[in-house]
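# Observations on the three-dimensional arrangement
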Amino acid sequence: MQFEGIYTPVITPYHNDFSLNHDALEATINRLIEAGVHGLIVAGTTGEYYAQTTEERIEMMSIAEEIIAGRRPMIVGTGAIRTEDSILYAKAAKTAGADAILIATPPYAYPTGREIALHALAIDRAADLPAMLYNYPGRMCVNMDEETLDRLGRSSNFCAIKESSGDPNRLHMLARDYPHIALSCGMDDQALEFFAWGARSWVCAGSNFAPEAHIALYQTCVVEGNFTKGRALMSAMLPLMRVLEQGGKFVQCIKYGLTLRGIDAGPPRKPLQPLNKDDKRQLAEVITTMDIAIANIMGEGA
């Protein structure tokens, strides 16, 4: 599988009683497909998989697949502490018709590079699907190091890595030493750098409510190779990324951003709490300013 383009980790919209809002989920997925995103990720962190039961996660796979209906690739997250649980989710993803799976480092357990590789290989053997690795030491405490990546070379299914360390040295290492593993941007404020180093995909939660902006940056940098215009677009998007990444309210901001677009994403599940009035006002202002700036830039380039 070739990972190219914008991949949206889809939010899970809830009613006020925290039950699934099926209509809002369908509206979200349809809006993303109509906007032109290249793939959809179900059961990612942005989808609040960690706050769902096993039954809910598996049911979500089938619900999402039915809504997507083959219009875009569906990638399903398998994140869990226990390898056995990740295997369960990977098998369920295959049964649901997933095109690929997302394999993250098990959180909290603090595994070694060898242990991470064995974890991923076990999932791979169980599902035999194309896989995007997910390196996020900020949440998982450990990196998928060279030992991990070397061991995973035993399977051709590991065809991409979402790199979310924020470390430019990791970016350089992956681009130079592991060209057979497609590089995918997982650190939004470094998207321009990822594209400059050859990344051809971007897993970006903000595309839930601003797919057009994220697609514009991808199209400008990757397809057109116009990094001068790309820098202007990136500059217009950075205030939003600062709000998302530095406020400690990431999922809440993504969900409220979608609500501002007319789709009620509902509250986050506990332990998270909804944004307060000041946070909502700040986010709305940042999004409005970004929309205007990007429209002006794209208008100049027309």
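These remarks concern the structure in this document. Note that this is a predicted model, so its numbers are computed, not measured. (Residues numbered from 1 in each chain as written. Predicted model: local features only at pLDDT ≥ 70, side-chain atom pairs only at ≥ 80, totals over all residues. Heavy atoms only, no water.)

### What about the packing of helix 11 (residues 250-260) against helix 12 (residues 277-300)?
Worth spelling out the cut-off: Working convention: axes come from line fits to C-alpha atoms, limited for helices to the stretch in contact. Angles between N-to-C directions cover 0 to 180 degrees. For helices the rule is a DSSP run of H or I covering at least 4 residues; for strands it is a run of E covering at least 2, with both sets numbered from the N terminus onward. Each helix crossing is assigned a hand: it is left-handed if the near helix lies turned anticlockwise from the far helix by less than a right angle, otherwise right-handed if that turn is clockwise. Only heavy atoms matter for contacts: two residues are in contact if any of them lie within 4.5 Å across the pair. For this classification, Asp, Glu, Lys and Arg are treated as charged, while Ala, Val, Leu, Ile, Met, Phe, Trp, Tyr, Cys and Pro are nonpolar and the rest, including Gly, are polar.
Closest axis-to-axis distance for the helix 11/helix 12 pair is 10 Å, and the angle between their directions is 65°. As for how helix 11 packs across helix 12, the hand of that crossing is right-handed. Taken together, the residues of helix 12 that come into contact with helix 11 (itself represented by Cys253, Tyr256, Gly257 and Leu260) are Lys280, Leu283, Ala284 and Ile287. Residues that form the contact of helix 11 with helix 12 fall into these classes: 6 nonpolar, 1 polar and 1 charged.

### Side note on the packing of helix 9 (residues 211-223) against helix 10 (residues 227-246)
We apply this condition: Reported orientations rely on four angle classes, namely roughly parallel under 35 degrees, roughly antiparallel over 145, roughly perpendicular from 65 to 115, and oblique for the rest.
Taken N-terminus to C-terminus, the directions of helix 9 and helix 10 make an angle of 160°; their axes are 8 Å apart at the nearest point. Taken together, the axes of helix 9 and helix 10 are roughly antiparallel relative to one another. The handedness of the crossing between helix 9 and helix 10 comes out as left-handed. Together, Ala213, His214, Ala216, Leu217, Thr220 and Cys221 of helix 9 and Phe227, Lys229, Gly230, Leu233, Met234 and Met237 of helix 10 make up the contact between the two elements. Of the residues in the contact of helix 9 with helix 10, the class split is 8 nonpolar, 3 polar and 1 charged.

### What to know about the packing of aromatic side chains
Short version of the rule: Note on ring pairs: Phe, Tyr and Trp rings are taken, using the six-membered ring of Trp, and paired if centres are within 6.5 Å. Classes follow the plane angle, with under 30 degrees stacked, over 60 edge-to-face and the rest tilted. Think of it in three bands: residues with accessible area under 20% of the maximum for their type are buried, residues over 50% are exposed, and the middle band is partly exposed, with areas taken using a 1.4 Å probe on protein chains only. Only Lys NZ and Arg CZ are tested; either one counts as a charge over a ring when it is within 6 Å of the ring centre and within 35 degrees of the ring normal.
For the coordinates displayed, the defined rule picks out 5 aromatic pairs. Centroid distance Phe3 to Tyr7: 5.6 Å. Interplanar angle 55°. Geometry classified as tilted. Phe3 gets classed as buried once you look at its relative accessible area, which sits at 4%. A ring pair is formed by Tyr49 and Tyr50, whose centres lie 6.0 Å apart and whose planes are at 70°; its orientation type is edge-to-face. A relative accessible area of 13% places Tyr49 in the buried class. One Lys or Arg, Arg57, reaches over the ring of Tyr89 and ends 3.6 Å from the middle of that ring.

### Observations concerning the pattern of salt bridges
Quick note on the threshold: By salt bridge we mean one thing: a side-chain nitrogen of Lys or Arg within 4 Å of a carboxyl oxygen of Asp or Glu.
Tallied over the full model, the rule gives 11 salt bridges. Residue Glu48 is joined to Lys255 by a salt bridge in which the shortest nitrogen-to-oxygen separation is 2.8 Å. You can see Glu48 sitting in the loop between strand 2 (39-42) and helix 2 (54-68) and its partner Lys255 sitting in helix 11, a full 207 residues away along the chain. Considered together, Glu48 and Lys255 belong to a single accessibility category, that of buried residues. Between Lys249 and Asp279 there is a salt bridge, with the nearest N and O atoms lying 2.4 Å from each other. Taken as a pair, Lys249 in the loop between helix 10 and helix 11 and Asp279 in helix 12 lie far apart in primary sequence, 30 residues in all. According to the relative accessible area criterion, Lys249 is partly exposed, its value standing at 30%. Within the structure, one salt-bridge network assembled from shared partners comprises Arg82, Glu84 and Asp85.

### Points about the sheet that holds strand 1 (residues 5-9)
In any sheet, the strands associate via hydrogen bonds between backbone groups, in a parallel or an antiparallel arrangement. This is how the line gets drawn: Only strands joined by at least two bridges in the DSSP assignment are considered to pair.
The parallel closed barrel is built from 8 strands, whose spatial order is 1-2-3-4-5-6-7-8. Strand-to-strand twist of the sheet, defined as the mean angle between neighbouring strand axes without regard to direction, takes the value 25°. As paired elements, strand 4 (residues 100-104) and strand 5 (residues 131-135) share 4 bridges and run parallel to each other. The residue bridging Ala104 from the neighbouring strand is Tyr134, located in strand 5. Sheet strands in contact with helix 7 (residues 168-177) are strand 5, strand 6 (158-163) and strand 7 (182-185), and its direction is about 165° off that of strand 6.

### Here's the deal with the side chain of Ser86
One can find Ser86 in helix 3 (residues 83-96). The exposure class of Ser86 is buried, given its relative accessible area of 1%. Other than its neighbours up to four places away in sequence, Ser86 contacts Thr78, Gly79, Ala80, His119 and Ile123.

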